Amino acid sequence: MNADHTEDLLTQTLHEHTERTDYPTTPLLTVAARARAVRARRRRTTVLAAAATIAAVAVPGAVWLGRSPDASTEPTVAPSTTTSSATVSTSPSTALADLPVGHKPGIDYLDGDTYIDMNGGRLQDPALTTATVATPVRGGLLFALPGKTPDLAELWVHGQNGDQQLGCGRGHFAMSADGVQSAYWVKDSCSDKDAGRLYDGADNTMGEGGPGFVRTPLGDLIDPVGIQPGKVVVNAWRGQTPTAELIDSYTGEATPLSALRVVTGSDENNQVVSGELAGQPADQVGESAVVDVRTGTVKWRADWQLGQFSTDGKYVVGLRSGDGSADSYAVFNAATGAKVADLGGWTPGWITQVAWDFDDTLLAVADDGQGQTAIVRFDLNGHVTRTTAVRQQKNASLEVYRLATRP
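Here the structure is a predicted model, which is why all the values come from computation and not from measurement.

Chemist: Please give an account of the overall build of the protein that cites residues and values.
Modeler: Helices and strands together make up the secondary structure of the protein, namely 4 helices and 29 strands. Counting only residues that meet the buried cut, the protein has 53% of its 407 residues in that class. A sequence separation of at least 24 residues applies to 52% of the contacts in the protein between residues at least 6 apart. Accessible area of the protein: about 16900 Å², with a carbon and sulfur share of 51%.

Structure (structure tokens):
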């Protein structure tokens, strides 16, 4: 593949023969139906309300909060060295197997080498065993594998002919709340001599034209975080310091979000983002805020690490690291900053991922510290249920369950 070609890289790849696999592949019937399913979910809120606490629509991407000791070594803002009064749940310790079983995840996730979509469709591929994130993209499955360098991941597409590598990029994708518009960043190789391209497009699963792209400067590492009208919200890495930016989807012009040193969430409904405030010590996780992207003004601040917004933009999740105790999670009113709920605790162990489900509950990958893992659900009343079977971690460096971030 040549960076000078202006044709759609993804379409080109999906039409090439695989260079890597000779095992049978699973038909992508459920993948092809994704756009219809996402739109249909908007019309099913009345039905969903009978089985869920609050009905909404499909989800934004997973938020990496409170990572385990085996977390990725990609550039990241260092954890806070300050102490704070954490709101730790008083619920008793519960083994994963003893948690009450609730309804299955309403978002896509990875279980070992199997991708499971929102409708229960399954796609099995041995390459997915080590995938960190995955998402359907126009007739195929885009997924990221750990790269040979900590800063870059290998981006692959699983299509009808097997697996084909797109190149190297960042292992983060972004998606609009309605599941239609997506963004990811990739370059042809892992070489420092290659510049990258930020892909952004609509109807990522059903469209024929495919995403457009803008080139990014040589040496930049781009982490897409979210979608705003006509722009992609990113953290741009130039060396060891990230810059929160809005990149114009048509011109590639980058506008700094100067109020933030790093952006962690995005809500296009109300055109706001969340992130850590600028001007704080670089070696600490400091105060966070919600910022209006149109004016750059801070709407409200919080002594929590704010993450992703719920699909309808009503809520934003926050994390506070415990001082020798379990991390605390809370949900805030995204417009006012008022705390809506302290999420129920699950101890011992840790939570490695958090993502909003379609019903304004939060899903998390939980590990009991003894090699047992499952996906659990927190509702806004603090209740915790288990949404998957309990699995044994056979390899500490490979998580069995991963919430499949959808760009």
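Read on, since the account is not over.
Chemist: Which residues make up the pairing of strand β18 (residues 288-292), and what values go with them?
Modeler: Burial within β18 is extensive, with 5 of its 5 residues counted as buried. Of the two faces of β18, both are covered, the one formed by Ser288, Val290 and Asp292 as well as the one formed by Ala289 and Val291. Inspection of the sheet shows β18 paired to strand β19 (residues 298-302) by 4 bridges, in the antiparallel sense. Paired with Val291 across the strands is Val298, a residue of β19.

Chemist: Which residues make up the state of the cysteines, and what values do they have?
Modeler: Within the structure shown, the criterion is met by 1 disulfide. In this model, Cys168 is linked to Cys190 through a disulfide, with the two sulfur atoms separated by 1.8 Å. Residue Cys168 is located in strand β7 (residues 162-169), and its partner Cys190 is located in the loop between β9 (182-187) and β10 (197-201); the two are separated by 22 residues in the primary sequence. The partly exposed category is assigned to Cys190, whose relative accessible area is 37%.

Chemist: Requested: an account of the packing of aromatic side chains, with residues and values cited.
Modeler: All told, the structure shown has 7 aromatic pairs when counted by the stated rule. Ring geometry for Tyr109 versus Tyr401: centroids 6.3 Å apart, planes at 50°, classification tilted. Placement of the pair is Tyr109 in strand β1 (residues 109-111) and Tyr401 in strand β29 (residues 401-403), with a sequence separation of 292 residues. The exposure classification of Tyr109 matches that of Tyr401, with both residues buried. Look at Trp304 and Phe332: their rings are 5.6 Å apart centre to centre, the planes differ by 70°, and that puts the pair in the edge-to-face class. Of this pair, Trp304 sits in the loop between β19 and β20 (305-309) while Phe332 sits in strand β22 (residues 328-333), and the two are 28 residues apart along the sequence. Trp304 gets classed as buried once you look at its relative accessible area, which sits at 5%. The exposure class assigned to Phe332 is buried, which follows from its relative accessible area of 4%. Three or more aromatic residues joined by ring pairs form one cluster here, namely Phe173, Tyr184, Tyr199 and Phe213.

Chemist: Kindly report on the nonpolar core, identifying the contributing residues and their values.
Modeler: By size, the foremost hydrophobic cluster in this structure holds 21 residues, and its most contacted members are Leu96, Val331, Val354, Leu362, Val376 and Phe378. Among the secondary structure elements, those contributing two or more residues to this core are β21 (315-320), β22, β24 (350-356), β25 (362-367) and β26 (372-378). If near-sequence neighbours (up to four positions away) are discounted, Leu362 is found in contact with Val317, Val331, Leu343, Val354, Ala355, Trp356, Val376, Arg377 and Phe378. Formed by 15 residues, the second largest nonpolar core is a distinct cluster that contains Trp185, Val214, Val234 and Ile247.

Reading guide: rules and limits
- Residue numbers run consecutively from 1 along every chain, following the written order of its sequence.
- Thresholds applied to this predicted model are a pLDDT of at least 70 for local features of residues and 80 or more for the giving and counting of side-chain atom pairs; totals over whole chains, interfaces and linings are not thresholded and use all residues.
- Each side-chain value is derived from all of the structure's non-hydrogen atoms; neither hydrogens nor water enter the calculation.
- A run of DSSP states H or I qualifies as a helix once it reaches four residues; a run of E qualifies as a strand once it reaches two. Both are numbered from the N-terminal end.
- Type-normalised accessible area, obtained with a 1.4 Å probe on protein chains alone, sets the label of each residue: buried when under 20%, exposed when over 50%, and partly exposed for intermediate values.
- Every residue pair with non-hydrogen atoms within 4.5 Å of one another is taken to be in contact.
- Here the accessible surface of atoms and residues is derived via Shrake-Rupley with a 1.4 Å probe, and residues count as covered only by protein chains that are part of the display.
- When DSSP finds two or more bridges between two strands, those strands count as paired.
- The criterion for a disulfide is a pair of cysteine sulfur atoms lying within 2.5 Å.
- Stacked, tilted and edge-to-face are the three classes assigned to paired rings of Phe, Tyr and Trp, where Trp is represented by its six-membered ring and a pair needs centres within 6.5 Å; plane angles under 30 degrees give stacked, over 60 edge-to-face, the rest tilted.
- What is meant by a nonpolar core is a set of buried Ala, Val, Leu, Ile, Met, Phe, Trp, Tyr and Cys residues, joined one to another through side-chain atoms within 4.5 Å.

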